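# Breakdown of the fold
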Amino acid sequence: GENVEQHPSTLSVQEGDSAVIKCTYSDSASNYFPWYKQELGKGPQLIIDIRSNVGEKKDQRIAVTLNKTAKHFSLHITETQPEDSAVYFCAATTSYDKVIFGPGTSLSVIP
Amino acid sequence: SAVISQKPSRDICQRGTSLTIQCQVDSQVTMMFWYRQQPGQSLTLIATANQGSEATYESGFVIDKFPISRPNLTFSTLTVSNMSPEDSSIYLCSASAGGAKTQYFGPGTRLLVL
């Protein structure tokens, strides 16, 4: 069935450094790829998304890239801050409009 | 974006009982969904709540265990029936509007079954 893999599972960076999280998906018909940030005790919050007709999208310190041929997409956070510490989930929408979530990446930004 | 609230935010229940979780959206939405998130795990879709018809359940989830209602375009409930400790989890409601695929999530209901 449809599957989304995500790496790494945990990531620690120094404040000010960049963080990169990578995902792969299996359904070649997927055309929408959201990223969610989940802080402890809260629901997932959409932080950025990208559609299959776009290769890259940026919003301030956050950027997402998509390689449809390789079925890869990545989240890039620059100039990380302690408040970026959270669990990040990538997701892909299948051909049936069902959203499949990756297993998550726990990001720690060390002051 | 849609603002979603859930009630209760958390509960501790005895095995064999049932709990109904409410989800309220601040605007009319097309689709509403219920997810389960085990501690430290990712999100698993339980079902899609359809307005005016029966919910669509994912493999491994059945209506008798997780009955869902959606009486209008802004409200849905999920009941966790005949609970066991294995039902201890976070239950999340989400919604999307129009033909958009973007889902917005509520804060979740943290359930502990003793």
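The structure we're discussing is the one just above.
Residues numbered from 1 in each chain as written. Chains lettered and ligands numbered in written order. Predicted model: local features only at pLDDT ≥ 70, side-chain atom pairs only at ≥ 80, totals over all residues. Heavy atoms only, no water.

## Digging into the side chain of S88(B)
Along the chain, the position of S88(B) falls in the loop between strand 8 (75-80) and strand 9 (89-96). The class for S88(B) is buried, based on a relative accessible area of 17%. (Helix = DSSP H or I, 4+ residues; strand = E, 2+ residues; numbered from the N terminus. Buried < 20%, exposed > 50% of the residue type's maximum accessible area, 1.4 Å probe, protein only.)

## Description of the packing of aromatic side chains
One pass over the structure, following the stated rule, counts eleven aromatic pairs over all chains. With 5.7 Å between their ring centres and 50° between their planes, Y36(A) and F101(A) make a pair best called tilted. Of this pair, Y36(A) sits in strand 4 (residues 32-38) while F101(A) is found in strand 10 (residues 99-101), placing the two residues 65 residues apart along the sequence. Across the pair, exposure class does not vary: Y36(A) and F101(A) are buried alike. Ring geometry for Y35(B) against F105(B): centres 5.4 Å apart, planes inclined by 50°, an arrangement best described as tilted. (Phe/Tyr/Trp six-rings, centres within 6.5 Å; stacked < 30°, edge-to-face > 60°.)

## Side note on the pattern of salt bridges
Residue and element names in this part refer to chain A. Tallied over the entire structure, the rule returns four salt bridges over all chains. Put simply, D84 and R61 hold a salt bridge, and the shortest N to O gap is 2.9 Å. Here D84 is found in the loop between strand 8 (72-77) and strand 9 (86-93), whereas its partner R61 is found in the loop between strand 6 (56-59) and strand 7 (62-67), with 23 residues between them in sequence. (Salt bridge = Lys/Arg side-chain N within 4 Å of Asp/Glu carboxyl O.)

## Let's talk about the layout of surface pockets
If you add up the space inside the largest pocket, you get close to 360 Å³. Forming the walls of the largest pocket are 19 residues, and the residues nearest its centre are Q38(A), L40(A), V87(A), Q37(B) and G40(B). Among the elements that line the lining of the largest pocket, the one with the most residues is strand 9 of chain A, at three residues. Its residues assigned to classes, the lining of the largest pocket shows seven nonpolar, nine polar and three charged. (1 Å grid on protein atoms, 1.4 Å probe; cavity = no way out; pocket = protein on both sides within 12 Å on 5 of 7 lines; lining within 4 Å. Points joined across faces, edges and corners; volume = space filled by probe spheres on them. Nonpolar A, V, L, I, M, F, W, Y, C, P; charged D, E, K, R; others polar.)

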